[in-house]
Amino acid sequence: MKRIGTCLLLAAMLVSGIGATAAGKPTSSLGYYHTSGNRIVDTQGKPASFNGVNWFGLETDNFAPHGLWTRSMDSMLDQLAKEGYNLLRIPYTNEMLLPGKKPTGIDYAKNPDLKGLTPLRLLDKLVQKAGKRGMKIILDRHRPTASGQAERWYTQSVPEKTWIKDWTMLAKRYLANDTVIGADLHNEPHGSVCWGCGDSASDWRLAAERAGNAILAVNPDWLIVVEGVDANVKGQSGSYWWGGNLKGVRKYPVRLKVPNRLVYSPHDYGPGVSSQPWFADQKFPANLSGVWDANWGYVHKEQIAPILLGEFGGRNVDSASKEGKWQNALVDYIGRNDLYWTYWSLNPNSGDTGGLLLDDWQTWNKPKQKMLARVMKPVNGGAKSAAPKPAAGLATPKPTAGSTAPKPTTGSTAPASGGTDFAGGLVVQYKTSSSAAEDNMIYATFNITNTGKTDVPLSEMKLRYYFTKDGSEELKFWCDWAQVGTDTVGGTFAPIEPARTGADGYLEIRFAATAGSISAGAQSGDIQVRIAKSDWSDFNKTDDYSFDGTKTSFNDWNKVTLYRKGKLIWGIEP
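The notes below deal with the structure included here.

Conventions we followed
- Residues numbered from 1 in each chain as written.
- Predicted model: local features only at pLDDT ≥ 70, side-chain atom pairs only at ≥ 80, totals over all residues.
- Heavy atoms only, no water.
- 1 Å grid on protein atoms, 1.4 Å probe; cavity = no way out; pocket = protein on both sides within 12 Å on 5 of 7 lines; lining within 4 Å.
- Points joined across faces, edges and corners; volume = space filled by probe spheres on them.
- Nonpolar A, V, L, I, M, F, W, Y, C, P; charged D, E, K, R; others polar.
- Helix = DSSP H or I, 4+ residues; strand = E, 2+ residues; numbered from the N terminus.
- Pairing = 2+ DSSP bridges.
- Axes fitted to C-alpha atoms, helices over the stretch in contact; angles between N-to-C directions.
- Disulfide = S-S within 2.5 Å.
- Buried < 20%, exposed > 50% of the residue type's maximum accessible area, 1.4 Å probe, protein only.
- Polar contact = N/O pair within 3.5 Å; in protein donor to acceptor, adjacent residues only side chain to side chain.
- Contact = heavy atoms within 4.5 Å.
- Phe/Tyr/Trp six-rings, centres within 6.5 Å; stacked < 30°, edge-to-face > 60°.
- Left-handed = near helix turned anticlockwise from the far one by under 90°.

Moving on, we get to empty space enclosed by the protein. Applying the stated rule across the entire model yields five cavities of 30 Å³ or more. Its volume calculated, the second largest cavity comes out at about 40 Å³. Every residue along the wall of the second largest cavity is listed here: Ile-40, Phe-50, Leu-87, Ile-138, Ile-181, Leu-223, Val-225, Val-263, Leu-308 and Tyr-340. Classifying every residue of the lining of the second largest cavity gives ten nonpolar, no polar and no charged.

So, in structure tokens, the structure goes:
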């Protein structure tokens, strides 16, 4: 947006935190996306279904998503999920990444788990909570500093090398965390920038290539989202909205070294933001489709690349006002062409457009939602209104006092190298999406491969992950995603008494009958789980038996054990 309304500022609270990086080699996951023609698809080639919205604030001098002065982050995400949104475009500023920057405008009584976090750790928390609800995130470098937007991708205080360095840091940080799926490189290039002119200091197309390729070099799974300019397109005349002019794409496309990662993202607004000649045309609003086709719609229609309409919105959605006619016409254009979109915005304090929330930050804007319902899609996970719960019959009780893990059975362990126990024919692979030594979550993803010759029902199997509790608080378990279905996966905790090296307890994962079987030669697919304490205090994972922060892509791992009908068939118990 060109302008953002005045936000409510609460008293600043000094906070600090340590980021959670994800080191290791780039990897692919079922939760990432790539492009095919003008479509965004998952790793199996299935078309993506997104209902998107912008939630701003991290790019302002609050360095926090707005509204947290009134509500909890959880309640806002729950409301978004309930309304069917599963894609968040999250604006940020490079300034929030500087040492000593602290979030403000947060009611910590409503958000106790955010207290003491830096802006970057606050973003981590948003990523965690969104992922728990089946949502995806595209990060948007909205401003170099919180003071305002910039024409070019660099300024004197934030040179290009800093812009790229910060992007690659974020790409590494969220490597193997498939909640974050893409990078919107720079918000609304305009003014002195050009497209296709060949000047490295002003050609936005060339800058997008430099940044996009740097990001993909460290995280090849991300989508690279490139906005347009407003004018100065080589071989073209006229001007359009900031970031909305993509006329140069046909002759001067962005070239990335990793194929099928490029998404173009125009912004488009109505007369409530600024008067434009096409709003005064006698054929308005019938002329609008031609305007959109010429400036950015052709990219989709000619199957050059997908179009993600990154920002559009307005206060009026009626059929009488010019803004209402414009906005309804654009929603119909999105529907006819099956375009991707992220609406501006959730926030009611967007001065030009208002938001999906009304000024009380609680009430949903029903007229806007009714309009957007015409292009809303059924989504998996994004329509949940709360954190995933264990399936019926697979509850997560407190550890039972005095219960212990079974002792190793002589001759039943797998080889120390982690090789297959051929008697069972099953292999457990493991990876983590957070390599941080200390974190308030334990993240683990498993995959069970059937190397045998017969199908094996998952309900006959149990997985155990061993760790140290680092306290006496109650433990919580979530299955965030499973190819066999999250509702078929349950978890319980049990202590190990006396404690062993690297473990005073374990998480046992088990499967309902509806999980089905792993066919001979096949695999279970990803089983993504998380562990947290009831008070959200940190775990020290360095001494945990089953944890290995270097494993950010799947490896056979014999420090996770697998049992079939109670018999240990894979791994070595501590």
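Moving on from the coordinates now.
What follows is about the environment of Thr-70. If you trace the backbone, Thr-70 turns up in the loop between β3 (52-54) and α1 (73-82). In sequence terms Thr-70 and Asp-107 are 37 residues apart; their C-alpha atoms lie 6.7 Å from each other.

Spatially, β17-β18-β15-β23-β24 is the arrangement adopted by the five strands of the open sheet, whose pairing is antiparallel. Looking at strand neighbours, the two that pair on one side only are β17 (489-500) and β24 (567-570), the edges of this open sheet. Strand-to-strand, the axes of this sheet are offset by a mean angle of 30°, without reference to chain direction. The pairing of strand β15 (residues 461-467) with strand β23 (residues 560-564) spans five bridges and is antiparallel. If you follow Tyr-465 over to β23, its bridge partner there is Val-560.

The subject of this paragraph is the state of the cysteines. Tallied over the entire structure, the rule returns one disulfide. Across a sulfur-sulfur distance of 1.9 Å, Cys-194 and Cys-197 are joined as a disulfide pair. For Cys-197, a relative accessible area of 40% puts it in the partly exposed group.

Next up on the list: the side chain of Glu-508. By secondary structure assignment, the location of Glu-508 is in strand β18 (residues 503-511). Within polar-contact distance, the side chain of Glu-508 engages the side chain of Arg-464 at 2.6 Å. Look past the residues within four positions of Glu-508 in its chain and what remains in contact with it is Lys-462, Leu-463, Arg-464, Gly-490, Gly-491 and Thr-492.

The next subject is the packing of aromatic side chains. Applying the stated criterion across every chain yields a total of 32 aromatic pairs. Relative to Trp-344, the ring of Phe-56 has its centre 5.2 Å away and its plane inclined at 10°; by these criteria the two rings are stacked. Residue Phe-56 is located in the loop between β3 and α1, and its partner Trp-344 is located in the loop between β10 (340-343) and α7 (366-372); the two are separated by 288 residues in the primary sequence. Its relative accessible area of 0% is what places Phe-56 among the buried residues. A ring pair is formed by Tyr-85 and Trp-364, whose centres lie 6.1 Å apart and whose planes are at 50°; its orientation type is tilted. One end of the pair, Tyr-85, is in the loop between α1 and β4 (87-93); the other, Trp-364, is in the loop between β10 and α7, and 279 residues separate them in sequence. A single burial state applies to Tyr-85 and to Trp-364, both of which are buried.

With that out of the way, let us pick up the pairing of strand β20 (residues 527-533). The buried fraction of β20 amounts to seven of the seven residues, a majority that puts the element mostly inside the structure. Here β20 shows no split at all, with Ile-527, Val-529, Ile-531 and Lys-533 on one side and Gln-528, Arg-530 and Ala-532 on the other all buried. Pairing of strand β13 (residues 442-450) with β20 involves five bridges; the strand directions are antiparallel. Looking at β20, one finds that Ile-442 is bridged to Ile-531.

Another point: the sheet that holds β13. The five strands are arranged β16-β20-β13-β11-β22 in an open sheet whose pairing can be described as antiparallel. Sheet topology places β16 (475-482) and β22 (555-556) at the edges, where each strand pairs with a single neighbour.

Contact geometry for helix α3 (residues 160-173) and helix α4 (residues 204-218): axes closest at 8 Å, N-to-C directions at 35°. Crossing handedness for the pair α3 and α4: right-handed. Of the residues in α4, those in contact with Glu-160, Trp-163, Ile-164, Trp-167, Thr-168, Ala-171 and Lys-172 of α3 are Trp-204, Ala-207, Arg-210, Ala-211, Ala-214, Ile-215 and Val-218. Grouping the amino acids of the contact of α3 with α4 by side-chain chemistry returns ten nonpolar, one polar and three charged.

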